[in-house]
Amino acid sequence: MLQEFKKFALRGNVVDLAVGVIIGAAFGKIVDSLVTDIIMPVIGRLFGGLDFSNYFIGLTAASSQAPTYDAAKKAGATLGYGQFITIAVNFLIVAFVLFLVVRGVNTLFAKEADAPAPPKPPSKEAELLAEIRDLLKARA
């Protein structure tokens, strides 16, 4: 059973998947920082200094009186639609980047598939048949 697990765990697909998950997690943190620290402040500035992270609707009296989203969450039930907007923008950026990557890979593979294959050298049998044909033509 241990040998079978070792064979499974060290197959190429499993290792590729593990590497993809790790790189994806790191990429997700980069995109999250890009959205939270760069894009959303610019969007907020364009719309008059809005801070999307503090847009919420308090569902209790205490949470609706809170000055920030974090304080509102501690005070009671809260709908944080500003956080949702930020995460939605984050998703759109990740989806667009993945689209560009997949499109690039597909274009690369399409170019490789369209490239003509180099001509194969004739086999020994084909060479012998060509010699026989030429000898028969020479006799006639």
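Residues numbered from 1 in each chain as written. Predicted model: local features only at pLDDT ≥ 70, side-chain atom pairs only at ≥ 80, totals over all residues. Heavy atoms only, no water.

Caption draft 1: Main features of the overall build of the protein chain. Assigned secondary structure in the protein chain consists of six helices and two strands. The N-to-C order of helical and strand elements in the protein chain reads α-α-β-α-α-β-α-α. Expected size for 140 residues packed as a compact globule is a radius of gyration near 14 Å; at 31 Å, the protein chain overshoots this value by more than 25%. A principal-axis box enclosing the C-alpha atoms of the protein chain has dimensions of 110 × 50 × 20 Å. Counting all 140 residues of the protein chain, 12% fall into the buried class. Summed over all atoms, the accessible surface of the protein chain reaches about 11,500 Å², with 69% contributed by carbon and sulfur. (Helix = DSSP H or I, 4+ residues; strand = E, 2+ residues; numbered from the N terminus. Rg over C-alpha atoms; globule rule 2.2 N^0.38 Å. Buried < 20%, exposed > 50% of the residue type's maximum accessible area, 1.4 Å probe, protein only. Areas by Shrake-Rupley, 256 points an atom, 1.4 Å probe, with all protein chains shown as cover.)

Caption draft 2: Representation of the packing of aromatic side chains within the structure. Going through the model one piece at a time under the given rule, you end up with three aromatic pairs. Ring centres of F56 and Y69 lie 6.1 Å apart, and the angle between their planes is 45°; this geometry places the pair in the tilted category. With F56 in the loop between α2 (12–46) and β1 (57–58) and Y69 in helix α4 (residues 69–75), the pair connects residues that are 13 residues apart, well separated along the chain. With 6.4 Å between their ring centres and 35° between their planes, F96 and F99 make a pair best called tilted. Of this pair, F96 and F99 both sit in helix α5 (residues 81–114), three residues apart, roughly one helical turn. (Phe/Tyr/Trp six-rings, centres within 6.5 Å; stacked < 30°, edge-to-face > 60°.)

Caption draft 3: Region of interest: the nonpolar core. Within the largest apolar cluster, six residues are counted, these being V31, V35, M40, F52, V89 and I93. The set of elements that each furnish at least two residues to this core consists of α2 and α5. Looking at this core element by element, the count peaks at three residues for α2. When sequence neighbours within four positions are dropped, the list of residues in contact with M40 reads V35, F52, I85, T86 and V89. (Core = buried A, V, L, I, M, F, W, Y, C linked by side-chain atoms within 4.5 Å. Contact = heavy atoms within 4.5 Å.)

Caption draft 4: Geometry of the confidence of the model for the protein chain. Across the protein chain, pLDDT averages 82, with 93% of residues at or above 70. Here helix α1 (residues 2–9) stands out as the element of the protein chain with the lowest mean pLDDT, 76, in contrast to strand β2 (residues 78–79), whose mean of 90 is the highest. (pLDDT = per-residue confidence, 0-100.)

Caption draft 5: View of the pattern of salt bridges. The final tally for this structure, using the stated rule, is one salt bridge. Across the salt bridge formed by R133 and D134, the nearest N and O atoms sit 3.4 Å from each other. We classify R133 as partly exposed; its relative accessible area is 45%. According to the relative accessible area criterion, D134 is partly exposed, its value standing at 40%. (Salt bridge = Lys/Arg side-chain N within 4 Å of Asp/Glu carboxyl O.)

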